[in-house]
Amino acid sequence: MTKKSEDLLQELTEALFTRKALLLSGNTGVGKTFLSKKTANNLIEKKYNLFNPSDSGEVIVELVSCHNSVTYEDLVGGISVSTDGGKISFNYKERVLLDMLTRAESDYQKHKDNRYVLILDDIQRNELSSLLGDAIDAIGAESENKSISLNNGKKMNVPPNFYVIATCNPTENGAVQLSTGVLSKFYVKEILSDIEYITEDKDSRNAIFFDQVRSLVMNNLDMQYRQSTYEQNRFVLGHGYFSGEDVDLKVKYQLVPALKQYLAEGILDSDAKEPIRLLEAACLQKKIVSKVPKARSFSGYRSGVSTLRFVNEDSTRQCSSIPIENLVGRIIDQKLLTDDQIKNNVLFNKKVCYRETEVGGVTYLATLIANKQQYNKIRRSGKSDGRCLYNGGTMVIDGSEHHFTGGFHPRDYVKAACWENKDGYKLGESFGGNLVLYRIVWQYYEALITEFTKYLSANPSDLDKAKLLELIKTEWDSFLIDFKKIEPKSVIKAGRDDRDWKQEEAVYNQEANQKVRKRISELKILWSNPGDKLVAQDGTEILLEGVDSDMSDSIYKEYRDVMETLGIRQMILQGPPGTSKTYSAKAFLKFLAGKCNDTELADMQIADYSNPDKYCGKLFKGKGDPAIGWDIVQFHPSYGYEDFIRGIKVSTKAGSDTIIYETVNKVLGNIAELAKKHKGTKFYLIIDEINRANLATVFGELIYGLEYRTEPVATPYAVKSDNRISLPENLYIIGTMNTADKSIGGIDYAIRRRFLFFEQLPDRKIIEAYKADTGAKQADVNIKACRLFDSVSKLFDEDYLSPEYRREDVQIGHTYFLVDTEDKLRMRFEYQIIPILKEYYKDGIINFYVEASEAGFNGLLNCIAGKINMAAEKDKVDGIFNNLIAG
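No experiment lies behind these values; they were computed from the predicted model shown.

The rules behind the values
- Residues numbered from 1 in each chain as written.
- Predicted model: local features only at pLDDT ≥ 70, side-chain atom pairs only at ≥ 80, totals over all residues.
- Heavy atoms only, no water.
- Helix = DSSP H or I, 4+ residues; strand = E, 2+ residues; numbered from the N terminus.
- Buried < 20%, exposed > 50% of the residue type's maximum accessible area, 1.4 Å probe, protein only.
- Contact = heavy atoms within 4.5 Å.
- Areas by Shrake-Rupley, 256 points an atom, 1.4 Å probe, with all protein chains shown as cover.
- Lys, Arg positive; Asp, Glu negative; His and termini not counted.
- Charge placed at Lys NZ, Arg CZ, Asp CG, Glu CD.
- Pairing = 2+ DSSP bridges.
- Axes fitted to C-alpha atoms, helices over the stretch in contact; angles between N-to-C directions.
- Patch = residues over 30% accessible without salt bridge, like charges linked within 9 Å, V, L, I, M, F, W, Y side chains within 5 Å.
- Salt bridge = Lys/Arg side-chain N within 4 Å of Asp/Glu carboxyl O.
- Disulfide = S-S within 2.5 Å.
- Core = buried A, V, L, I, M, F, W, Y, C linked by side-chain atoms within 4.5 Å.
- Phe/Tyr/Trp six-rings, centres within 6.5 Å; stacked < 30°, edge-to-face > 60°.
- Lys NZ or Arg CZ within 6 Å of the ring centre and 35° of its normal.
- Parallel < 35°, antiparallel > 145°, perpendicular 65-115°, else oblique.
- Left-handed = near helix turned anticlockwise from the far one by under 90°.
- Nonpolar A, V, L, I, M, F, W, Y, C, P; charged D, E, K, R; others polar.
- pLDDT = per-residue confidence, 0-100.

### Points about the overall build of the chain
Then, number 1: Helix and strand counts for the chain come out as 34 helices and 28 strands.
Then, number 2: Across its three principal directions, the C-alpha atoms of the chain cover 125 × 75 × 70 Å.
Then, number 3: Within the chain, the fraction of its 887 residues that count as buried is 53%.
Then, number 4: Nonlocal contacts in the chain, meaning residues at least 24 apart in sequence, comprise 68% of its contacts between residues at least 6 apart.
Then, number 5: Accessible area of the chain: about 39,700 Å², with a carbon and sulfur share of 47%.
Then, number 6: Of the side-chain charges in the chain, 118 are positive and 126 negative, and the distance between the mean point of each set is 5 Å.

### Digging into the sheet that holds strand 8 (residues 162-168)
Then, number 1: Taken in spatial order, the five strands make up an open sheet running 2-5-8-1-9, and their pairing is parallel. Because the sheet does not close on itself, it has two edges, and the strands there are strand 2 (59-65) and strand 9 (187-191). When strand polarity is set aside, the average angle formed by the axes of neighbouring strands in this sheet is 15 degrees.
Then, number 2: Alignment of strand 1 (residues 21-26) against strand 8, held across five bridges, turns out to be parallel. The residue of strand 8 that forms the bridge with Ala21 is Val164.
Then, number 3: The sheet strands contacting helix 4 (residues 96-109) are strand 2, strand 5 (115-121) and strand 8, and the helix crosses strand 5 at an angle near 165 degrees.

### Structural notes on a nonpolar patch on the surface
Then, number 1: Together, Ile79, Phe90 and Tyr92 give the surface a local cluster of nonpolar side chains, amounting to about 340 Å² of exposed area.
Then, number 2: Position of Ile79 relative to the elements: it lies in strand 3 (residues 77-84).

### Structural notes on the state of the cysteines
Then, number 1: If you walk through the whole model with that rule in mind, you get zero disulfides.
Then, number 2: Looking at Cys168, it has no disulfide partner, and the nearest cysteine sulfur is the one in Cys66, 10 Å off.
Then, number 3: Look at Cys168 and you get buried, because its relative accessible area is 6%.
Then, number 4: Cys596 supplies the cysteine sulfur nearest to Cys616, a cysteine that is in no disulfide, at a spacing of 12 Å.
Then, number 5: On the accessibility criterion, Cys616 (2% relative accessible area) is buried.

### Observations concerning the nonpolar core
Then, number 1: The biggest cluster of nonpolar side chains holds 65 residues, and the ones touching the most others in it are Leu368, Val436, Ile440, Ile520 and Ile525.
Then, number 2: In terms of residue count, the dominant contributor to this core is helix 16 (residues 433-458) (15 residues).
Then, number 3: Not counting residues up to four positions away in its chain, the partners in contact with Ile525 are Gln334, Leu336, Tyr444, Tyr445, Leu448, Leu468, Leu471, Ile472, Glu475, Leu534 and Leu544.
Then, number 4: With 41 residues, the next largest nonpolar core counts Val792, Tyr805, Val877 and Ile880 among its residues.

### Quick notes on the pattern of salt bridges
Then, number 1: A complete count under the given rule lists 56 salt bridges for this structure.
Then, number 2: A salt bridge links Arg519 to Glu522, with the shortest nitrogen-to-oxygen separation between them at 3.8 Å.
Then, number 3: Exposure remark for Arg519: the relative accessible area of 13% places this residue in the buried category.
Then, number 4: Classification of Glu522 as partly exposed rests on a relative accessible area of 40%.

### Some words on the sheet that holds strand 10 (residues 298-299)
Then, number 1: Taken in spatial order, the four strands line up as 10-14-15-13 in an open sheet, and their pairing is antiparallel. Two strands close off the open sheet at either side, each with one partner strand: strand 10 and strand 13 (369-370).

### Considering the environment of Ser65
Then, number 1: Examined against the element boundaries, Ser65 turns out to sit in strand 2.
Then, number 2: For Ser65 and Leu818, which are 753 residues apart along the polypeptide, the C-alpha to C-alpha distance reads 45 Å.
Then, number 3: In contact with Ser65, other than residues within four places in its own chain, are Val70, Asp121, Gly700 and Glu701.

### Focus on the packing of aromatic side chains
Then, number 1: This structure, assessed with the given rule, holds 33 aromatic pairs.
Then, number 2: Of the aromatic side chains, those joined through ring pairs into one cluster are Trp419, Tyr438, Tyr444, Tyr445, Trp476, Phe479 and Phe483.
Then, number 3: Between Arg355 and the ring centre of Tyr390, over which it is positioned, the NZ or CZ distance is 5.4 Å.
Then, number 4: One Lys or Arg, Arg752, reaches over the ring of Phe757 and ends 4.4 Å from the middle of that ring.

### Observations concerning unusual backbone geometry
Then, number 1: The backbone phi angle of His111 is positive, close to 60 degrees, even though this residue is not glycine.
Then, number 2: As for its placement among the helices and strands, His111 is situated in the loop between helix 4 and strand 5.
Then, number 3: Even without being a glycine, Glu689 presents a positive backbone phi close to 55 degrees.
Then, number 4: One can find Glu689 in the loop between strand 24 (682-688) and helix 26 (695-699).

### Details of the pairing of strand 20 (residues 570-575)
Each regular strand displays side chains that alternate between the two surfaces of the sheet.
Then, number 1: Among the six residues of strand 20, six are classified as buried, and the element is accordingly described as predominantly covered.
Then, number 2: As judged from the six bridges shared by strand 20 and strand 27 (residues 731-738), these two strands associate in the parallel manner. Residue pairing in the sheet places Ile572 in a bridge with Gly735 of strand 27.
Then, number 3: Summarising the sheet, strand 20 and strand 28 (residues 756-759) pair through four bridges and their orientation is parallel. Opposite Gln574, over in strand 28, you have Glu759 as the bridge partner.

### Some remarks on the side chain of Ser791
Then, number 1: Within the secondary structure, Ser791 sits in helix 30 (residues 776-794).
Then, number 2: In contact with Ser791, other than residues within four places in its own chain, are Phe857, Leu860 and Leu884.

### Observations concerning the environment of Tyr840
Then, number 1: Position of Tyr840 among the secondary structure elements: in helix 32 (residues 822-842).
Then, number 2: Looking at Tyr840, the relative accessible area reads 6%, which means it is buried.
Then, number 3: Sequence separation between Tyr840 and Leu731 is 109 residues, and the spatial gap between their C-alpha atoms is 38 Å.
Then, number 4: Setting aside residues up to four positions removed in sequence, Tyr840 forms contacts with Pro577, Ala740, Phe796, Val810, Ile812, Ile845 and Ile846.

### Thoughts on the packing of helix 1 (residues 3-19) against helix 2 (residues 32-42)
Then, number 1: Two elements in contact, helix 1 and helix 2, have axes whose closest approach is 9 Å; the angle formed by their N-to-C orientations is 60 degrees. Looking at the two axes, helix 1 sits oblique to helix 2. Helix 1 and helix 2 meet at a crossing whose hand is right-handed. Contacts from Leu8, Leu9, Leu12, Thr13 and Leu16 in helix 1 reach Leu35, Lys38, Thr39, Ala40 and Asn42 in helix 2.
Then, number 2: Partitioned by chemical class, the residues of the contact of helix 1 with helix 2 number six nonpolar, three polar and one charged.

### A closer look at the side chain of His67
Then, number 1: In this fold, His67 is placed in the loop between strand 2 and helix 3 (72-75).
Then, number 2: Given a relative accessible area of 4%, His67 falls into the buried group.

### What to know about the confidence of the model for the chain
Then, number 1: Within the chain, residue pLDDT values average 89, and 96% of them lie at 70 or more.
Then, number 2: When mean pLDDT is taken per element in the chain, strand 24 scores highest with 97 and helix 8 (residues 229-233) scores lowest with 75.
Then, number 3: In this model, residues 289-293 is a region of pLDDT below 50 whose contacts with residues beyond four sequence positions or in other chains number one contact.

Structural data, given as structure tokens:
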């Protein structure tokens, strides 16, 4: 804690002890709730004892989240609805305020040095005078003889050991302003955003990001928000966002989304787009470092290989595998690819090479390397006494010894078959020296291109990685052109003895193989190391670094690692319609469950909350413990607290018309209780369309519980005589949010601070890859779908998109274009794509003027504008569609 924070905390504690009531005012993220708790707990110091300075007392703290559905009856007292034995009853009940006053008075009369602190969190969301009513005078009772009179005739003392702390964000949209009379009851402290509360090192990354974000906001505020310094400070995000060692991740997944929301709401003008992009790019430079270093899969390989050694070592010895071993050793040492990528793309990849032999009715197949069994079985002519074909050097992979292929002939040379065969390459007993070296390099670059492409689809703003990908592609293309030009000199065979011309040919082949190794040694990507500087196509310097992806699951690994690193267990996948948000949420769960399939995931979904020992299909079937537990719920505008947290369930007794009333946990309450009983399992709740409900109302006091896990929070309903609920550490929430839906409110910034945000954007590459392994027919459909996608994408360029909207929020996604026949693509065009674009046009999201036309893109505009009748002019619509998908 910095000196400034310590001084502030001391001031607040003294003020609370003296005035009995403290109001902390400030923007989101300045630590109001945190300071409230710390200040309350500071009263434990013996100098604040009211009686015996040497006694040890307790501080009893109760926190109430004052969301707009909390009433006088919830906070002070009133008619309470409860159930018992299936019956419903309505009784007067004193709530938290009166209960604390009663206990505080009892302790005070007994001279016990216990302090009672009531924290009223986010009072700007409610009318405090109405919320407290006749109990309002309980606030700030500095006199020892203060008492309050309630409407029911009851009179209560307000003892000196009772304190109130309130938090308020007056800058929040719709904030209820406090009257002068209410304000006068408090010691008011405004907490301004100041990085000195977090760090005293002005050169720290935390301070640099803070200054950068503050300048970005202040310099790009829309004119209507520049009326006063106070108005400007409303939108400076709090210093709490910049705390901790992992500030890059907080900026990327919390602050940048909040700034983009500022853009969408018109708080920042459009000039802020570029500074926000640069801020996001700056965050990408820091990687998430795993807390447990992963052991490497390889040992005993040829390490420390230089370009000179690669070119010259054993370059002429027949059947030596050393050139291959050296190239593999270099790829392992470089660490640009992960161990799994090296295994899948180089060592165990049939596209590099393979051999297979049938022995005793059993087929044995090995690739570039062979395990012990394959080594013993795959022999010359398939005979058990034949020469072993994997007689090269050895290396250890995941604890097992493997043998490199033999048969490398530096005096043989393979030409077009090297690059023309794009499938598995089956080796003979021997092969040309250039063949396997080329195919290793080919798959190395293919792996890099694939992994960088996947990474950039999830991180499109990482310009350095985009430049690096272009450099990789360019170097590979250049190498392939040069490789095709390398050919041995021609040999004149006519009139010569076979032995004579074959010896000459072998010399020429050896020279060509030497040129191949020399050309491979010139590859900058292959022979540079992570951290080395390279010159990009545009002349700028970039660092060579991998993307640390876990094959196709890199984005899901990122979700997991960010949540675990920051300790924030709530995330939202946000994006426009058709970007696979719900699909991705379930795919993330499959990744977390060990890359299970759909059927296995379905067996892990919670099916019966009433049976905690067999709550899912996997447990019910006796198939062992599930890797995870999960459930899904969809929010909508009428969804409320009683649907999500706790409420009263009405049912009828079996076989009769008798109505039974029960106070029960609902979705979140149920999964929280289940997670507490199975602490070794992680539980996930997917909330689809999370922003369609009023989150402050639906979550209620559990908004606090999202951040302060395991701390019990009082609720209006008691289940099994307990009105408290807490969220355990092993419960995670995954929300999905449609950013194009402006008919619903965005998530307010106080709630945003408790979530991480990941963008799901339209991705052409997903269309290209859709069912690509099923053959040429599907590939042709994908090409046409991509052309249609490209035409629709133009509508979200600056020429057509309203300046009030961001492309990333509204461009329709790739799922609209994922089909397996052209007829289905046509139906999607007519019955899904055009209708949503018409809505966009009607709502002013896209704007244009177009002359009547049936040709291509202009024809599409006429369909959207309604100048072509989609039902009556079917032939015109078909013609426009055919034109859009044509090459």
